[in-house]
Amino acid sequence: MAVTATTDIGSVEVRGVWKEYALASQRPRTLKEAVVEALRGRLPERPRTWALQDVGFRIEPGESFGIIGTNGSGKSTLLKLLTGISKPTRGTVDVHGKVSALLELGAGFHPDFSGRENTFLNGAILGLSRKEVAERYDRIVAFAELADHIDQPVKTYSSGMYMRLAFSIAVHVEPEILIIDEVLAVGDAAFQKKCIERIRGFRREGRTIIFVSHSHGQVAELCSRAAWIDSGVLRAVGPCEDVLAQYEAHLAGTGV
Amino acid sequence: MTTRPWLAYREMFLGLVEREVRARYRGSFLGFLWSLLNPLLLMGIYSLVFSVFMRIQVPHYALMLFTGLLPWTWFSTSLANGTASITANANLIKKVYFPLEILPLVSVSTNWVNFLFSLPVLGLFLAWEGLGPGWAILGLPLLMALQFLLTLGVNLFLATLNAFYKDVEQLLGPVLMAWFYLTPVVYPLSMLPSDYAWLIHVNPMAPLVSAYQDLFLKGQWPGSPALALAALETIVIVLLGWLFFRRRKFIFAEVV
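Residues numbered from 1 in each chain as written. Chains lettered and ligands numbered in written order. Predicted model: local features only at pLDDT ≥ 70, side-chain atom pairs only at ≥ 80, totals over all residues. Heavy atoms only, no water.

### Quick word on the nonpolar core
Part 1 of the reasoning: By size, the foremost hydrophobic cluster in this structure holds 84 residues, and its most contacted members are Phe98 and Tyr212 of chain B.
Part 2 of the reasoning: The element best represented in this core is helix H7 (residues 140-164) of chain B, accounting for 13 residues.
Part 3 of the reasoning: Counting residues in hydrophobic clusters, the runner-up holds 43 residues, among them Ile68, Ala170, Phe191 and Leu244 of chain A. (Core = buried A, V, L, I, M, F, W, Y, C linked by side-chain atoms within 4.5 Å. Buried < 20%, exposed > 50% of the residue type's maximum accessible area, 1.4 Å probe, protein only. Helix = DSSP H or I, 4+ residues; strand = E, 2+ residues; numbered from the N terminus.)

### Concerning the layout of surface pockets
Residues and elements named next belong to chain B.
Part 1 of the reasoning: Counted as a void, the second largest pocket has a volume near 350 Å³.
Part 2 of the reasoning: Along its surface, the second largest pocket is lined by 20 residues, and Asn38, Thr73, Trp74, Ser76 and Thr77 are the ones closest to its centre.
Part 3 of the reasoning: Taken together, the elements giving at least two residues each to the lining of the second largest pocket come down to helix H1 (10-25), helix H2 (34-53), helix H3 (61-83) and helix H6 (102-128).
Part 4 of the reasoning: For the lining of the second largest pocket, the element with the highest residue contribution is H3, accounting for seven residues.
Part 5 of the reasoning: For the lining of the second largest pocket, the residue count by class is eleven nonpolar, eight polar and one charged. (1 Å grid on protein atoms, 1.4 Å probe; cavity = no way out; pocket = protein on both sides within 12 Å on 5 of 7 lines; lining within 4 Å. Points joined across faces, edges and corners; volume = space filled by probe spheres on them. Nonpolar A, V, L, I, M, F, W, Y, C, P; charged D, E, K, R; others polar.)

### Focus on H1 of chain B
Part 1 of the reasoning: In a regular helix each residue adds 1.5 Å, so 16 residues correspond to 22 Å; H1 of chain B covers 24 Å between its end C-alpha atoms and thus fits that length.
Part 2 of the reasoning: For H1 of chain B, the elements touching its buried residues are helix H3 (115-125) of chain A together with H2, helix H5 (90-93) and H6 of chain B.
Part 3 of the reasoning: Positive phi appears at Gly27 of chain B, one or two residues downstream of H1 of chain B, with a value of about 90°. (Expected span 1.5 Å × (residues − 1). Contact = heavy atoms within 4.5 Å.)

### Describing the pattern of salt bridges
Part 1 of the reasoning: Summed over the entire model, instances satisfying the criterion amount to 22 salt bridges over all chains.
Part 2 of the reasoning: As a salt-bridge pair, Glu254 of chain B and Lys19 of chain A come within 2.8 Å of each other at their nearest N and O atoms. Separated into two different chains, Glu254 of chain B in helix H11 (residues 225-255) and Lys19 of chain A in strand E1 (residues 12-20) make up a pair that spans both.
Part 3 of the reasoning: Lys19 of chain A sits in the buried class, given a relative accessible area of 8%.
Part 4 of the reasoning: A cluster of three or more residues bridged by salt bridges with shared partners is formed by Glu13, Arg15, Arg58, Glu60 and Asp94 of chain A. (Salt bridge = Lys/Arg side-chain N within 4 Å of Asp/Glu carboxyl O.)

### Section: the packing of helix H10 (residues 205-218) of chain B against H11 of chain B
All names here are of chain B.
Part 1 of the reasoning: Relative orientation of the contacting elements H10 and H11 amounts to 130°, with a least axis distance of 8 Å. It follows that H10 is oblique to H11 by the angle criterion. Of the two possible hands of crossing, H10 and H11 adopt the one that is left-handed. Residues Pro207, Leu208 and Ala211 of H10 form the contact with H11, whose participating residues are Ala226, Leu227 and Ala230. (Axes fitted to C-alpha atoms, helices over the stretch in contact; angles between N-to-C directions. Parallel < 35°, antiparallel > 145°, perpendicular 65-115°, else oblique. Left-handed = near helix turned anticlockwise from the far one by under 90°.)

### Describing the interface of chain A and chain B
Part 1 of the reasoning: The partner chain B presents 27 residues to the 40 residues of chain A that form the contact.
Part 2 of the reasoning: Both sides together, the interface formed by chain A and chain B hides about 3000 Å², and carbon and sulfur atoms give 59% of it.
Part 3 of the reasoning: Linking chain A with chain B are two salt bridges, by the criterion used here.
Part 4 of the reasoning: One salt bridge connects Glu117 of chain A with Arg22 of chain B, and the closest N-O pair in it is separated by 2.3 Å.
Part 5 of the reasoning: Inspection of the region where chain A meets chain B yields four residue pairs in polar contact (both at pLDDT 80 or more).
Part 6 of the reasoning: Of all the secondary-structure elements, those providing two or more residues to the side of chain A that touches chain B are E1, helix H1 (31-40), helix H2 (75-83), strand E4 (90-95) and H3 of chain A.
Part 7 of the reasoning: Among the residues forming the side of chain A that touches chain B, the class breakdown is 19 nonpolar, nine polar and twelve charged. (Buried area = accessible area lost by both parts, 1.4 Å probe. Polar contact = N/O pair within 3.5 Å; in protein donor to acceptor, adjacent residues only side chain to side chain.)

### Considering the confidence of the model for chain A
Part 1 of the reasoning: When the pLDDT values of chain A are averaged, the result is 84; 86% of them are 70 or greater.
Part 2 of the reasoning: Contacts for the low-pLDDT stretch residues 1-6 of chain A, under 50 throughout, to residues beyond four places or in other chains number nine contacts. (pLDDT = per-residue confidence, 0-100.)

Printed below as a string of structure tokens:
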């Protein structure tokens with residue numbers, strides 16, 4: 001390849017990442033507590049708790065990569081680092097390309113505004129210009145199956161309609177890297193099928209997909225490689241079947 | 001990190017300002033007229049108390065009040081919105097990456113738009129009384145730019161503090177009340193006893209509000225030494241505020 005691997009658009013490189021937990025109980029939450037703490041002098045050195053410990057892996061452009069782990073394993077923390085919402089305590093996260101995460105469903109939706117108005121605002125928040133939203137507008141509305149309701153305020157929408165619109169905007173951002181956080185339980189079965197189809201389409205177009213889940217099924221269906229995180233530690237990374245097998249064995253309590 | 005350049009967030013910024021400006025009055029019968037009615041009602045109350053009951057002898061007292069109340073309302077409402085801007089948008093900042101500076105910036109900008117909306121009415125009042133700024137109106141952008149930066153700087157401090165200590169929101173009411181009376185809105189700057197003259201050097205809003213009044217009522221070009229000092233203080237406040245905010249913004253998603 002002509003370009004060095006580290007600058008490939010659509011690649012993700014996580015190197016030696018540690019992330020410290022910001023436990024709510026460990027930081028002063030009111031001025032009174034802060035003053036008391038200041039008067040007492042520095043609190044005794046508290047033990048550091050890590051949400052992620054020395055996690056590292058690389059995702060190639062165009063790859064479908066699964067991240068699995070039980071609830072509280074550190075998946076969500078890792079996700080926040082990948083989207084740039086928070087920063088690692090140690091180590092580096094390099095994401096090359098435009099990221100859209102399907103955990104941003106309905107970011108900035110205002111209940112009093114119509115579906116149309118919210119589409120433009122949400123699109124802007126997800127990084128599209130007005131012109132780009134306008135180009136995609138008809139497709140977004142058609143995909144969400146909301147043509148009859150698009151000019152009604154979203155507070156009149158059912159939760160299904162709301163999620164359909166949000167999902168539709170998110171998948172029309174056309175990012176180089178798509179992060180999906182087990183939100184595929186959107187709408188009815190038919191709509192879910194459409195969502196899976198859309199994600200398959202992304203894969204065919206050569207976009208990178210990161211799929212985060214605690215369940216085995218959809219990861220096996222969508223991903224070629226995977227990483228398993230347990231208590232903030234990377235337990236396995238490699239071909240999807242191998243990693244899933246280890247994860248399953250661990251859940252069954254038979255192995256590892 | 002995949003960060004879009006700052007300019008790419010222009011659309012998001014404009015979208016949020018538009019949302020805020022329109023959302024404020026949506027559902028109210030009088031709509032944006034409220035941004036005029038509020039200062040008008042305040043003007044009525046203060047005129048009654050200070051001009052009728054306490055018999056302050058100041059020419060064009062009601063107009064002086066109105067001229068001071070408009071920038072003050074911009075300032076105080078921006079601070080009230082801006083202080084809560086991080087905590088109120090917790091949902092957004094936990095889901096999407098964007099330069100969080102946008103949020104306090106939106107608060108200042110939204111209220112600036114409201115300020116602009118109310119200027120035509122001020123113009124009508126001035127014309128009615130046969131007063132007006134004349135060519136000094138060209139100095140208005142300077143005053144607005146100064147106030148914009150000052151408000152933004154204070155907002156960056158307050159929004160950061162409030163993300164960690166919600167007490168700031170509670171404290172803001174009394175603080176703004178004190179700040180209001182230490183700023184020459186209900187009295188002209190010239191009535192300030194000489195023992196307290198130093199106040200205008202530590203409160204940049206004092207020479208600023210006074211400059212608005214001189215500009216609109218007397219057609220005086222802004223340029224008092226006190227205003228120059230306020231400009232200097234503003235630059236310091238906005239730089240320190242930005243540093244303060246920047247150093248902590250990546251923890252916001254974890255603490256709000």
